[in-house]
There are 2 protein chains.
Amino acid sequence: MNEQISQAVIRRLPRYYRYLGDLLLQGTERISSNELSAKMNSTASQIRQDLNNFGGFGQQGYGYNVKYLHDEIGKILGLNNTHNMIIIGAGNLAKAIVRYDKFERLGFPTIAMFDVNPELFGTKINDINVYSQDDLDEFVKKNRVDIAALTLPKQNAVKAAQRVVDLGIKAIWNFAHVDLEFDNKDVVVENVHLSDSLMQLSYNITRK
Amino acid sequence: MNEQISQAVIRRLPRYYRYLGDLLLQGTERISSNELSAKMNSTASQIRQDLNNFGGFGQQGYGYNVKYLHDEIGKILGLNNTHNMIIIGAGNLAKAIVRYDKFERLGFPTIAMFDVNPELFGTKINDINVYSQDDLDEFVKKNRVDIAALTLPKQNAVKAAQRVVDLGIKAIWNFAHVDLEFDNKDVVVENVHLSDSLMQLSYNITRK
């Protein structure tokens, strides 16, 4: 069933997960698609359609069980597993990531950071060690690493990306302003292109 | 003409702009849609279709003039104007933004930062002043501010967003993990939801 789900639906799942998490914190046990759509600024039919892709979760007239739906969407998103993350490039963006405790709570703990600046070797940021990039191979061999976040300049990111893929890491969270491609088609990449985002904003300002 | 262009095409424009900028740096004067598609891992017909939305820019058999196309896409994206930016929340993410000189080169200079932590008032990050949030109103009245970047926790972001909108700022670059909505429909918002991006990555890891 999951194979046929469009990327557009998948892209909306984290938002459902976020809203349902807020409802849980507020102690809401059940919610109708109408109430949920009002909160999410969406339509009830869109919500029903999206959730039907995963078998529905709701009973006509009873609404959705918030905790059950939250947990099921979490499972679909793979959040029932912990994903160990390393960050390559221990600059400000890396610091922001490692200090934002939400990522760890979602199951994405940063377990190490790597840099080329000797002044940083042996330091800690938020209790996470910064190592030399020369120690990357050994670290990856000794520890389970699921995700490599790349927060380094474009010109170094391509090489670093290929290196982590060669070490067997299968997922890359790429903040460098470059598109990454690999021969190994098992590797998944998620890009955060901040400049593209700013240009999008600028386009929308210009059109208004 | 521009009114009919789909958001999907618009979302691809920054990527064209980026690749054409790289070609310019390499000294490439002309490029065919076939050559460009090979570089961009896209199809030539997609590129021709996308660019036809804006009148084409290419001559059959001659390819595209790289500088002309780069400049025209830049104009469509509003990059021929400077957009003054302020950042609310002077934490690590703000530091990363202000130290990344690419944004200024693209025409998005940060002109001030604001925080609620008194220890930061009067300090500078990359030569940009950090002010108290109490000084926000006065600053916005005295300076042209086009974009407010929100790099502060979710619980403070909604209030800060409404405040900058009330001050007349029409564009928000939102890094807080919350969806912002305003009565004023002239306000444009671009979200960078990093947790959503990580969940997307996790989904794709899980499906592999």
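Above this text you will find the structure in question.
Residues numbered from 1 in each chain as written. Chains lettered and ligands numbered in written order. Predicted model: local features only at pLDDT ≥ 70, side-chain atom pairs only at ≥ 80, totals over all residues. Heavy atoms only, no water.

A.B. asks: Looking at this structure, how should I read the overall build of chain A?
C.D. replies: What chain A contains, in helices and strands, is nine helices and ten strands. Summarising its shape, the C-alpha atoms of chain A cover approximately 60 × 45 × 35 Å along the three principal directions. Evaluated residue by residue, chain A yields a buried proportion of 52% over its 208 residues. Of all intrachain contacts in chain A linking residues separated by at least 6 positions in sequence, the fraction that spans at least 24 positions is 55%. Only carbon and sulfur atoms are counted for the fraction: they give 44% of the accessible area of chain A, which is about 10,200 Å². With 24 positive and 24 negative side-chain charges, chain A shows a spacing of 6 Å between the two charge centroids. (Helix = DSSP H or I, 4+ residues; strand = E, 2+ residues; numbered from the N terminus. Buried < 20%, exposed > 50% of the residue type's maximum accessible area, 1.4 Å probe, protein only. Contact = heavy atoms within 4.5 Å. Areas by Shrake-Rupley, 256 points an atom, 1.4 Å probe, with all protein chains shown as cover. Lys, Arg positive; Asp, Glu negative; His and termini not counted. Charge placed at Lys NZ, Arg CZ, Asp CG, Glu CD.)

A.B. asks: What am I meant to see in the interface of chain A and chain B here?
C.D. replies: A common way to state how big an interface is: give the accessible area lost once the parts meet. Counting residues at the interface gives 59 residues for chain A and 59 residues for chain B. Summed over both sides, the interface between chain A and chain B buries roughly 5,500 Å², with carbon and sulfur atoms accounting for 59% of that surface. The interface formed by chain A and chain B holds eight salt bridges in total. Taking the shortest distance from any N to any O, the salt bridge between A:Asp179 and B:Arg15 comes out at 2.7 Å. Put simply, the parts of the chain that give the side of chain A that touches chain B at least two residues each are helix H1 (7–25), helix H5 (92–99), helix H6 (101–105), strand S9 (171–174), strand S10 (188–191) and helix H9 (194–207) of chain A. Broken down by element, the side of chain A that touches chain B gets its largest block of residues, 14 residues, from H9(A). Across the side of chain A that touches chain B, the residue classes break down as 29 nonpolar, 14 polar and 16 charged. (Buried area = accessible area lost by both parts, 1.4 Å probe. Salt bridge = Lys/Arg side-chain N within 4 Å of Asp/Glu carboxyl O. Nonpolar A, V, L, I, M, F, W, Y, C, P; charged D, E, K, R; others polar.)

A.B. asks: What should I look at first to understand the pattern of salt bridges in this one?
C.D. replies: Here the idea is simple: oppositely charged side chains can pair when their charged atoms come close. Taken as a whole and assessed by the stated rule, the structure comprises 24 salt bridges over all chains. B:Asp196 is the partner of A:Arg18 in a salt bridge, and the nearest nitrogen-oxygen pair spans 3.1 Å. You can see A:Arg18 sitting in helix H1 and its partner B:Asp196 sitting in helix H9 (residues 194–207), one on each of two chains. By relative accessible area, A:Arg18 is classed as buried at 7%. Classification of B:Asp196 as buried rests on a relative accessible area of 12%.

A.B. asks: How should the nonpolar core be read in this particular structure?
C.D. replies: One broad trend across soluble globular proteins is that nonpolar side chains are buried collectively. Formed by 96 residues in total, the largest nonpolar core has its most connected members in A:Ile73, A:Met113, A:Trp173, B:Ile73, B:Met113 and B:Trp173. With sequence-adjacent residues up to four places away left out, B:Met113 is seen in contact with B:Ile87, B:Ala90, B:Ala94, B:Lys95, B:Val98, B:Ile125, B:Ile128, B:Asn129, B:Val130 and B:Tyr131. (Core = buried A, V, L, I, M, F, W, Y, C linked by side-chain atoms within 4.5 Å.)

A.B. asks: For this particular structure, what's the right way to read the packing of helix H1 (residues 7–25) of chain B against helix H2 (residues 33–40) of chain B?
C.D. replies: In helix packing, the relevant descriptors are the interaxial angle and the interaxial distance, both defined with respect to the helix axes. Residues and elements named next belong to chain B. Contact geometry of H1 with H2 gives a least axis separation of 11 Å together with a crossing angle of 105°. The orientation of H1 with respect to H2, classified from their angle, is roughly perpendicular. Taking contact as the criterion, the partners of Arg15, Tyr16, Tyr19 and Leu23 in H1 are, on H2, Leu36, Lys39 and Met40. Of the residues belonging to the contact of H1 with H2, the class tally is five nonpolar, no polar and two charged. (Axes fitted to C-alpha atoms, helices over the stretch in contact; angles between N-to-C directions. Parallel < 35°, antiparallel > 145°, perpendicular 65-115°, else oblique.)

A.B. asks: Would you take a moment to explain the sheet that holds strand S6 (residues 124–125) of chain B for this structure?
C.D. replies: Remark on secondary structure: sheet strands pair via backbone hydrogen bonds, oriented parallel or antiparallel. Residues and elements named next belong to chain B. The strand order across the open sheet built from seven strands is S6-S7-S5-S4-S8-S9-S10, with neighbouring strands paired in mixed fashion. Edge strands, defined here as strands with exactly one partner in the open sheet, are S6 and strand S10 (188–191). As defined by bridge partners, strand S4 (residues 85–88) adjoins strand S8 (residues 147–150) across four bridges and the pair is classed as parallel. Note that in S8 the partner of isoleucine 87 across the bridge is alanine 149. Along the sheet, helix H8 (residues 154–166) makes contact with S4, S8 and strand S9 (171–174), crossing S8 at roughly 175°. (Pairing = 2+ DSSP bridges.)

A.B. asks: Explain the relation of the copies chain A and chain B here, please?
C.D. replies: Note on the chain copies: they are related by a rotation about an axis and a translation along it. Superposing chain A onto chain B takes a rotation of 180° plus a shift of 0.0 Å along the axis, which leaves an RMSD of 0.0 Å. As the rotation angle and translation indicate, the two copies are arranged about a two-fold axis. Mapped onto chain B, 100% of the interface residues of chain A again fall at the interface, so both copies present the same surface. (Least-squares fit on C-alpha atoms with pLDDT ≥ 70 in both.)

A.B. asks: I would appreciate a short explanation of the side chain of A:Ser197 in the present structure.
C.D. replies: Secondary-structure assignment places A:Ser197 in helix H9. Residue classification places A:Ser197 among the buried residues on the basis of a relative accessible area of 8%. A distance of 3.5 Å separates the side chain of A:Ser197 from the side chain of B:Glu190, its partner in a polar contact. When neighbours within four sequence positions are excluded, A:Ser197 is seen to be in contact with B:Trp173, B:Glu190 and B:Val192. (Polar contact = N/O pair within 3.5 Å; in protein donor to acceptor, adjacent residues only side chain to side chain.)

A.B. asks: In this structure, what is going on with the pairing of strand S4 (residues 85–88) of chain A? I would like to understand it.
C.D. replies: Regular strands place their side chains on alternate faces of the sheet. Residues and elements named next belong to chain A. The alternating pattern of S4 places Met85 and Ile87 on one face and Ile86 and Ile88 on the opposite face, and all of these are buried. Of the pairings in the sheet, the one linking S4 to strand S5 (residues 110–115) comprises four bridges and is parallel in character. The partner of methionine 85 across the bridge, within S5, is threonine 110.

A.B. asks: Just to check I follow, could you spell out the sheet that holds strand S6 (residues 124–125) of chain A for this structure?
C.D. replies: Residues and elements named next belong to chain A. Read from one edge to the other, the open sheet built from seven strands follows the order S6-S7-S5-S4-S8-S9-S10, with strand pairing classed as mixed. Looking at which strands have only one partner, the edges of the open sheet turn out to be S6 and S10. Where S5 lies against strand S7 (residues 128–132), three bridges are found, and the strand directions are parallel. Opposite aspartate 115, over in S7, you have serine 132 as the bridge partner. Sheet contacts for H5: S4, S5, S6, S7 and S9; angle to S5, the most-contacted strand, approximately 170°. On the sheet, helix H8 (residues 154–166) packs against S4, strand S8 (147–150) and S9 and is oriented at approximately 175° with respect to S8.

A.B. asks: Can you help me understand H8(A) in this one?
C.D. replies: Three or four residues apart is the spacing at which side chains of an α-helix point the same way, because the helix has 3.6 residues per turn. Residues and elements named next belong to chain A. Helix length check: H8 (13 residues) gives 19 Å between terminal C-alpha atoms against 18 Å at 1.5 Å per residue, within 8%. What H8 keeps buried is the set Ala157, Ala160, Ala161, Val164 and Val165. Looking straight down H8, one finds that the buried residues subtend no more than 130° of arc, so they occupy a single side. Residues of H8 that are exposed and point over 90 degrees away from its buried face: Gln155, Lys159 and Asp166. (Expected span 1.5 Å × (residues − 1). Arc of directions from axis to C-beta.)

A.B. asks: Looking at this structure, I do not really get helix H3 (residues 44–52) of chain B. What am I missing?
C.D. replies: Residues and elements named next belong to chain B. Listing the buried residues of H3 in full gives Ala44, Ile47, Asp50 and Leu51. End-on, the buried residues of H3 take up no more than an arc of 130°, which puts them together on one face. In H3, those exposed residues whose orientation departs by more than 90 degrees from the buried face are Gln49 and Asn52. Each element contacted by the buried residues of H3 is listed here: H1, H2, strand S3 (63–65) and helix H4 (66–76).

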